[in-house]
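# Inside the fold
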Amino acid sequence: MIRFVLLRLLHVVPILVAISIVAFFIIQLPPGDFLSTHVAALEGRGESLDPAYIQALRERYGLGDPFWIQYWKWITNILLHGDFGQSFEFRRPVAGLIGERLPLTLTLGIATLVFTWAVALPAGIYSARKQHSWIDYAISGIGFVALAVPAFLTALVLAYLGFEFFGQSVGGLFSPEYANAPWSLGKLADLLQHLWIPVVVLGLAGTAGIIRITRANLLDELHKPYVVTARAKGLPEGRLTRKYPVRIALNPFISTAGWHLPSLFDGEIIVAQVLALGTIGPLLLQALKSQDMYLAGGIILIVAVLTVVGTLLSDILLAVADPRVRFGKA
Amino acid sequence: MLEIRDLRVSFDGDDGEVRAVDGVDLTLERGRTLCVVGESGSGKSATARAILQLLGPAGRVAGGRILHRPLPDSDVTDLAALDPMGPAIRAVRGREIGLVFQEPSASLSPVHTIGNQIAEVLAVHEGIKPRDSRERVIQELRRVGIPRAEERVDAYTFQLSGGMRQRAAIAMALICRPSLLIADEPTTALDVTTQAQILDLLAELKESLGMTLMFITHDLGVVAEIADDVVVMRKGKVVEAGTVEQVFHEPEHDYTRALLATLPQRDTAARAADEAPPEPLLRIKDLRMTFETSSGSIFSRKRERVEAVGGVSFDVPEGSTVGLVGESGCGKTTLGRCVVRAYRPTAGEILYRRSDGAVVDLATLPGRDLLPYRREIRMVFQDPYGSLNPRMTVGQVVGEPLVVSGVEDVEDRVAAMIEKVGLPRAALNRYPHAFSGGERQRIGIARALISEPRLVIADEAVSALDVSIRGQILDLMAELQRDLGLTYLFVSHDLSVVEKVCDRVVVMYFGKVVEEGTVAEVFGDPKHGYTRALLSAVPVPDPDLRDTRERLAYSG
């Protein structure tokens, strides 16, 4: 097992290096740079800047350097000093910008994850156990609708309903009076009141997907001979379902569990934008639009690293959960 | 002990209700072994499962009574009247009546240790926590003949051999000491030598534990070995019932007679000894195939080289049928796959004589140069379900080798071939799931023959089929051999089939050839100890010969 984990870790290193290069390459792709965009915007408003000043900025940010030198400066600062560089637009360190949005982002991400699994697993298992019952059809029907409707549309509808019938302020995770207030019990209650809309919106499609997969996997497993064997032992239905088929039907989820890690971090960008959530997703969108390359690059890099780490965690979890993987027989 | 009266079982299918068991009456006497015989679809398994109400969601007991008296002086319960999900039937399952299934690898959970799965029975029926029952589980494993039981109790099913798995399943069925054991084709998925061991084990356990045994099988040889009473089923009805001697010697029903007639008779009357043996079409010389596997515990992973085929040499004369026999794991399938170059052999030569007389070594040819030979050497697979793509019509399946090689008038040739293997032309546009196992195997044969091969490798091609279907397929293969001058390499673990269809036999054991010769030589006068052990394990379909033969064991 330890050997397995070490080997996997070794595999991860070159992938991380490649990913960081690709992330940096992507943010360099658009023509021009932040400075040119900024200057053009100023000139559009009839202002002009001293070319010497522009040159000074250019050198300070290393914008004229070749790709590899820029990349090297960027990555070594991140690795050695935890310094993701300065955001041009906010004129603040990138790490700080991300850090202040992180708690809310994680809260929302984890709440969504818990909601998704708490609803999806029981619904999927029930749906499979009672295949062809009206409850199965109802769960499946709702699931298909939830999968088909785009999340931002659900967001708009729910925000409207929340405003119309519950008198909630639309958008954001806080009411206006708490938005800039320091943390207090009132603010926490306010957050919980607002949290359900984004959680439902963000979780809905995922929930529906997991219900479908759980149902399909379990339907395959429920008729396997080992289930009949367990029944022939005299086990009660509920207990045998939980112990045998569900355990095996969960494997695909364990192997993809790590993918939730990056989505905890950046969430659903469009939904977050629609609902004006103060999470990291909208920050990335804004950074990309204004070619704020250190900010965008920082976020993309973190998401990419989390994806790799998540996959690694999944692999390890699966090896723990399934002896066939552990002993290389799958 | 158990009386089944007018039992009817239905399954809901796509085309409405299917009556799988239609008014079955049978009586199971305490302390005896009852064999229920029939082909697939005869309702024998459904009958067995109905006893414990294990018919699954689509099936249900539609009528009749199953009267069960667990002990000579206890009350009679009608199992058919119990709720299939209720506590009353659950108390019978595993406690009064144990059940052993056909496929031990599928009927045990792959992600739980066998100890865990056996201890669970005790937890359910006797309320003993798994950690307190460990000793008892180990003892039970020893009881069913699992060596090193104290280690194996923590093994997963995939770490055990098929025979060991079936022993574990038997331990699981017996740990609560049920008075009745129902075994549903428990040896069908096993090798002939393992089958013999399991049959001996069941007989011994039945004797020492004073059990009653109900044994479901399609193999009359097995019936002759173990049965006291026999019930023959066909299409959901009992066609004949009686003691084993009655059924074998004075069968009353035509179907029973037909079944007995399909039994390969052990006539070793040698086929006319061939004149000068024809030129070998295929010469295998010192062929070796090594696989790398990793095994060991979590912490100490070992890399092992397993030599599946270790220096095998033999000839396949043109126009003949050569049988390759041995237990699973002996390397016979690997060898077959090396010849079609699904594997690249590690060493050795596969000398193939082309129709122009030139000889090529297939073992080392690179992929592109192999293409013409891929048309001349074809394979028929064991599993007629798994080896046909369910998304392709029969026409596409059979025609694919032609399309790949860019031949014209594919459709006509496919249609001609499909008729040659005895299927209607209309079959071409249908999908494999619309066919029975035997028909699918015909499709597989058509696919193998469409490119006009000279050598066909049949890898357990009839092992998955019922006896009567098996006979038809073997006849078809023989007919095609005469018409097309085919050469067969017939890979099988079923010695009776090999004896019937082959000219020469090669016996393999752990990757080596231990004996080779004509069928008459090998079957009539086996020289090697392993061959003798293998032959002694074959059930003889005559109850009078039971216990007259010595079961030989061989360990080399």
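What you see is a predicted model, and the numbers here were worked out from it, not measured in a lab.

## Re the overall build of chain A
- Within chain A one finds 18 helices and two strands.
- Split into buried and exposed, the 330 residues of chain A put 33% on the buried side.
- Long-range contacts, defined as pairs at least 24 residues apart, comprise 70% of the intrachain contacts of chain A with a sequence gap of at least 6.

## Thoughts on the overall build of chain B
- Counting secondary structure elements, chain B contains 19 helices and 20 strands.
- Over its C-alpha atoms chain B spans a radius of gyration of 25 Å, differing by no more than 12% from the 24 Å that the globule rule assigns to 556 residues.
- In terms of overall dimensions, chain B has a C-alpha envelope of 80 × 55 × 45 Å along the principal axes.
- Per-residue burial over chain B gives 47% buried out of 556 residues.
- Of the contacts made within chain B by residues no fewer than 6 positions apart, 67% connect residues no fewer than 24 positions apart.

## Section: the interface of chain A and chain B
- Chain A puts 25 residues into the contact, and the matching count from chain B is 28 residues.
- At the level of secondary structure, the elements contributing two or more residues to the side of chain A that touches chain B comprise helix 1 (2–28), helix 10 (225–232), helix 12 (245–249) and helix 18 (323–326) of chain A.
- It is helix 10 of chain A that contributes the most residues to the side of chain A that touches chain B, six residues altogether.
- A breakdown of the residues in the side of chain A that touches chain B according to their chemical character gives 11 nonpolar, four polar and 10 charged.

## Structural notes on the environment of B:Leu34
All names here are of chain B.
- Structurally, leucine 34 is set in strand 3 (residues 33–37).
- Linking leucine 34 and aspartate 229, residues 195 residues apart in sequence, is a C-alpha distance of 4.8 Å.
- When near neighbours in sequence (up to four residues on either side) are disregarded, leucine 34 contacts Leu28, Met214, Phe215, Asp229 and Val231.

## A word on the confidence of the model for chain B
All names here are of chain B.
- For chain B, mean pLDDT is 84; residues scoring 70 or higher make up 94% of the total.
- Here residues 266–274 is modelled with pLDDT under 50, and outside its nearest four sequence neighbours on either side it reaches five contacts, counting other chains as well.
- For this predicted complex, the interface confidence reaches an ipTM of 0.71, while the overall pTM sits at 0.74.

## So, the pairing of strand 18 (residues 487–492) of chain B
Residue and element names in this part refer to chain B.
- Summarising burial for strand 18: six of the six residues are buried, a large majority.
- Residue alternation in strand 18 divides its side chains into two sets, Thr487, Leu489 and Val491 and Tyr488, Phe490 and Ser492, and both sets are buried.
- Across five bridges, the pairing between strand 13 (residues 321–325) and strand 18 is parallel. Its bridge partner lying in strand 18, leucine 324 is registered against valine 491.
- Sheet topology places strand 17 (residues 455–459) next to strand 18; five bridges connect them, and they run parallel. Looking at the pairing, aspartate 459 lines up with valine 491 of strand 18.
- Handedness of the crossover is the feature at issue here: the chain leaves strand 17, passes through helix 16 (residues 467–484), returns alongside strand 18, and the resulting connection is right-handed.

## What about the domain arrangement of chain A?
All names here are of chain A.
- For chain A, the assigned domains read domain 1 (2–93) and domain 2 (98–326).
- In this structure, domain 1 and domain 2 have C-alpha centres spaced 32 Å apart.
- Domain 1 puts 23 residues into the contact, and the matching count from domain 2 is 18 residues.
- Residue composition of the side of domain 1 that touches domain 2, grouped by class: 15 nonpolar, five polar and three charged.

## Describing the packing of helix 13 (residues 394–404) of chain B against helix 15 (residues 437–449) of chain B
Residues and elements named next belong to chain B.
- Put simply, helix 13 and helix 15 touch, their axes get as near as 7 Å, and they point 30° apart. When the interaxial angle is binned, helix 13 and helix 15 end up roughly parallel. From helix 13, Val394, Val397, Val398 and Pro401 reach across to helix 15, where they touch Ile443, Ala446 and Arg447.
- Of the residues that constitute the contact of helix 13 with helix 15, the class distribution is six nonpolar, no polar and one charged.

## What about the sheet that holds strand 16 (residues 377–380) of chain B?
All names here are of chain B.
- Strand order across the open sheet formed by six strands is 16-17-18-13-19-20, with mixed pairing between neighbours. Lying at the two open borders of the sheet, with one neighbouring strand each, are strand 16 and strand 20 (512–518). Each strand of the sheet is rotated relative to its neighbour by a mean of 20°, with strand direction disregarded.

## What about the environment of A:Lys224?
All names here are of chain A.
- Relative to the helices and strands, lysine 224 is located in the loop between helix 9 (185–222) and helix 10.
- A count of 17 C-beta atoms within 10 Å places lysine 224 in the partly exposed class.
- For the pair lysine 224 and proline 245, spaced 21 residues apart in sequence, the C-alpha separation works out to 8.3 Å.

## Remarks on the nonpolar core
- If you look at the biggest cluster of nonpolar residues, it comprises 179 residues, and the most contacted ones within it are B:Ile457, B:Leu489, B:Phe490 and B:Val507.
- In terms of residue count, helix 6 (residues 162–174) of chain B provides more of this core than any other element does, eight residues in total.
- If we ignore the near neighbours within four places in the chain, the residues touching B:Val507 are B:Val325, B:Gly326, B:Val513, B:Val514, B:Glu515, B:Val522, B:His528, B:Tyr530 and B:Thr531.
- Of all hydrophobic cores here, the second largest spans 23 residues; its members include A:Ile27, A:Ile78, A:Ile98 and A:Ala296.

## Some thoughts on the UniProt feature "transmembrane region" (unreviewed entry) in chain A
Residue and element names in this part refer to chain A.
- Per the UniProt entry, the sites bearing "transmembrane region" (unreviewed entry) are residues 7–27, 102–125, 137–163, 195–214, 269–288 and 294–320 in this numbering.
- Helix makes up 93% of residues 137–163 and strand makes up 0%, while its end C-alpha atoms are separated by 31 Å.
- In residues 195–214, the share of helix is 100% and the share of strand is 0%. The end C-alpha atoms are 27 Å apart.

## Notes on unusual backbone geometry
All names here are of chain B.
- A positive phi is found at arginine 177, a non-glycine position, where the angle reads about 50°.
- With respect to the helices and strands, arginine 177 occurs in the loop between helix 6 and strand 7 (180–184).
- Even without being glycine, aspartate 286 reaches a positive phi, approximately 50°.
- The topology assignment puts aspartate 286 in strand 11 (residues 280–295).
- A count of 12 C-beta atoms within 10 Å places aspartate 286 in the exposed class.

## Overview of the domain arrangement of chain B
Residues and elements named next belong to chain B.
- Under the domain assignment used here, chain B contains domain 1 (2–261) and domain 2 (282–538).
- Spacing between the C-alpha centres of domain 1 and domain 2 amounts to 34 Å.
- Facing the nine residues of domain 1 at the interface are 11 residues of domain 2.
- Of all the elements, helix 7 (residues 192–209) adds the most residues to the side of domain 1 that touches domain 2, at four residues.
- Its residues placed into classes, the side of domain 1 that touches domain 2 shows two nonpolar, five polar and two charged.

## Structural notes on the sheet that holds strand 6 (residues 97–100) of chain B
Residue and element names in this part refer to chain B.
- Spatially, 6-7-8-3-9-10 is the arrangement adopted by the six strands of the open sheet, whose pairing is mixed. Here the strands that pair on one side only, and so sit at the sheet edges, are strand 6 and strand 10 (237–243). Across the sheet, the mean angle from the axis of one strand to that of its neighbour is 15°, orientation sign disregarded.
- Taken together, the six bridges between strand 9 (residues 229–234) and strand 10 define a ladder with antiparallel strand orientation.

## Let's talk about helix 14 (residues 410–420) of chain B
Residues and elements named next belong to chain B.
- For helix 14, the full list of buried residues reads Val414, Met417 and Ile418. With its buried residues spanning 100° around the axis, helix 14 presents them on a single face.
- Contact partners of the buried residues in helix 14: helix 13 and helix 15.
- Positive backbone phi, approximately 85°, marks glycine 422, located one or two places after helix 14.

What counts as what
Residues numbered from 1 in each chain as written. Chains lettered and ligands numbered in written order. Predicted model: local features only at pLDDT ≥ 70, side-chain atom pairs only at ≥ 80, totals over all residues. Helix = DSSP H or I, 4+ residues; strand = E, 2+ residues; numbered from the N terminus. Buried ≥ 20, exposed ≤ 12 C-beta atoms within 10 Å, placed from the backbone. Contact = placed C-beta atoms within 7 Å. Rg over C-alpha atoms; globule rule 2.2 N^0.38 Å. Nonpolar A, V, L, I, M, F, W, Y, C, P; charged D, E, K, R; others polar. pLDDT = per-residue confidence, 0-100. Pairing = 2+ DSSP bridges. Right-handed = clockwise from strand over helix to strand, strands pointing away. Domains from an automatic or database assignment. Axes fitted to C-alpha atoms, helices over the stretch in contact; angles between N-to-C directions. Parallel < 35°, antiparallel > 145°, perpendicular 65-115°, else oblique. Core = buried A, V, L, I, M, F, W, Y, C linked by C-beta atoms within 7 Å. UniProt positions renumbered as here; feature names shortened; annotations may be inferred. Arc of directions from axis to C-beta.

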